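What the coordinates show
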Amino acid sequence: MKYLHFILLVLAVLLLCCCTRNADKRAMDKKSITAPGSPVMIDDTTVKGLRVYYPQFSRIDLVCETMPSKQDTNVVFCAEAAFTHELLDEFAHSNIDGDHVSGGKRYQGAKCHDNSGAFAWFSDTTWEFVHGEYSELLDSVAAAGGMGFGQAIIIYDGESIRPLWRDGVNQYRALCEKDGQLCIVDSRNKVEYEQFVKMLEDFAPRYALYMDMGAGWNHSWWRDSKGKVHEIHPIADKSRYCTNWITFYK
């Protein structure tokens, strides 16, 4: 009888270890819904209510006028970046809110009071977020052959920018730097802007810059390790008015 108890105890310990390993594996699978080596890693559980996309890229550009083609296998992620000023049937750089740099060339955009900062990538391995005036930043990034655009700063150097600049319920998005990595952070569901900012504060990026959203402007996509394209939001009627996309290339 003593040996039987010992055997049962051993079996119980083995079963507990097996269950723990399986639970850990399920937790890992839930955290990242992409395969290892994917050009875009997705974190689904860091903060409740957010989905985080980490593009694995070699360069970034601000593509203007025409959305990057899904047939271009070098593109791993793209999404609308700066605001579009008016709903125009013809493209003009002057219809993008704020001066911007695309393909290493600086363009004059429309005046935008909501642009409280900017993001720029310097055509190497460096990028920069700015709070406040960003004209000198755009000059520097254009000289380096990079890209840059203005938008509304949400978090700068770990501190939230107050007061909140907008309100309303929507699925919101921000370009962030978290632990030295660039990422795009989406709210899973429609939320109040203040709630989105609170979730970002819990996520605790060093920088967060607003990205244009709303039906049409939220149309975006990413590519998996097999080359398959996944749409984040479907194309809509107003998508034809979109003017610019931050684009990550493998």
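Residues numbered from 1 in each chain as written. Predicted model: local features only at pLDDT ≥ 70, side-chain atom pairs only at ≥ 80, totals over all residues. Heavy atoms only, no water.

**Quick notes on the nonpolar core**
Counting residues in hydrophobic clusters, the biggest one holds 28 residues, and the most contacted among them are F77, F119, F149, L175, I246 and F248. One finds C112, V191, M199 and A208 within the second-largest nonpolar core, a separate group that totals 24 residues. (Core = buried A, V, L, I, M, F, W, Y, C linked by side-chain atoms within 4.5 Å. Buried < 20%, exposed > 50% of the residue type's maximum accessible area, 1.4 Å probe, protein only.)

**Looking at helix α2 (residues 135-143)**
Three or more residues of α2 are buried, namely L137, L138, V141 and A142. Along the axis of α2, the buried positions cluster into a sector of 130°, meaning they face one direction only. Exposed residues lying more than 90 degrees from the buried face of α2 are E136 and A143. Packing partners of the buried residues in α2 comprise β5 (100-102), β6 (105-107), β7 (117-121), β8 (127-131) and β9 (147-151). G145, located one to two residues past α2, shows a positive phi value of around 80°. (Helix = DSSP H or I, 4+ residues; strand = E, 2+ residues; numbered from the N terminus. Arc of directions from axis to C-beta. Contact = heavy atoms within 4.5 Å.)

**Observations regarding the pattern of salt bridges**
Per the stated rule, a full pass over the model turns up 11 salt bridges. As a salt-bridge pair, R188 and D44 come within 3.4 Å of each other at their nearest N and O atoms. Of the two residues, R188 is situated in the loop between β14 (181-187) and β15 (191-192) and D44 in the loop between β1 (40-43) and β2 (50-55); the sequence distance between them amounts to 144 residues. Of the charged contacts, one joins R206 and D157 as a salt bridge, the two residues approaching to 3.1 Å between their closest N and O atoms. Remark: D157 occurs in the loop between β10 (153-156) and β11 (159-160) and R206 occurs in the loop between α3 (193-203) and β16 (207-210); sequence separation between them is 49 residues. The structure contains a network of salt bridges with shared partners spanning D44, R51 and R188. (Salt bridge = Lys/Arg side-chain N within 4 Å of Asp/Glu carboxyl O.)

**A short note on the side chain of S239**
Inspection of the secondary structure puts S239 in the loop between β18 (229-233) and β19 (244-249). Under the relative-accessibility criterion, S239 is labelled buried at 12%. At 3.0 Å, the side chain of S239 forms a polar contact with the backbone oxygen of G216. A distance of 2.9 Å separates a polar atom in the side chain of S239 from the backbone nitrogen of A236. (Polar contact = N/O pair within 3.5 Å; in protein donor to acceptor, adjacent residues only side chain to side chain.)

**What about the packing of aromatic side chains?**
A complete count under the given rule lists 16 aromatic pairs for this structure. An aromatic cluster is defined as three or more aromatic residues linked by ring pairs; in this entry it consists of F83, W165, Y172, Y193, F196 and Y210. In this structure, R59 packs its charged tip against the face of Y249, placed 3.7 Å from the ring centre. For K178, the ring lying beneath its charged end belongs to F203, and the centroid distance is 5.1 Å. (Phe/Tyr/Trp six-rings, centres within 6.5 Å; stacked < 30°, edge-to-face > 60°. Lys NZ or Arg CZ within 6 Å of the ring centre and 35° of its normal.)

**Quick word on the pairing of β18**
Pairing between strand β17 (residues 220-223) and β18: 4 bridges, direction antiparallel. Within β18, the position partnered with S220 by the bridge is H233. Turn length for the β17-β18 hairpin, with the two strands adjacent in sequence and antiparallel, is 5 residues, and the turn residue G227 shows positive phi of about 90°. (Pairing = 2+ DSSP bridges.)

**Some remarks on the environment of V47**
Position of V47 among the secondary structure elements: in the loop between β1 and β2. Considered as a pair, V47 and F203 are 156 residues apart in the sequence and their alpha carbons are 5.8 Å apart. Contact partners of V47, with chain neighbours within four places excluded, come to M199, D202 and F203.

**Comments concerning the confidence of the model for the protein**
For the protein, the average pLDDT comes to 88, and 86% of its residues sit at 70 or higher. The low-confidence segment residues 6-31 (pLDDT under 50) makes 7 contacts with residues lying over four places distant or belonging to another chain. (pLDDT = per-residue confidence, 0-100.)

**Considerations on the sheet that holds strand β13 (residues 173-178)**
With antiparallel pairing, the 7 strands of this open sheet are ordered in space as β1-β2-β14-β13-β16-β10-β11. The open sheet has two edge strands, β1 and β11, and neither has a second partner. Along the sheet, α3 makes contact with β2, β10, β11, β13, β14 and β16, crossing β14 at roughly 145°. (Axes fitted to C-alpha atoms, helices over the stretch in contact; angles between N-to-C directions.)

**Brief notes about the side chain of N218**
For N218, the location among the structural elements is in the loop between β16 and β17. Since its relative accessible area comes to 12%, N218 is described here as buried. Beyond its immediate chain neighbours, meaning those up to four positions away, N218 contacts R173, M213, H233 and P234.

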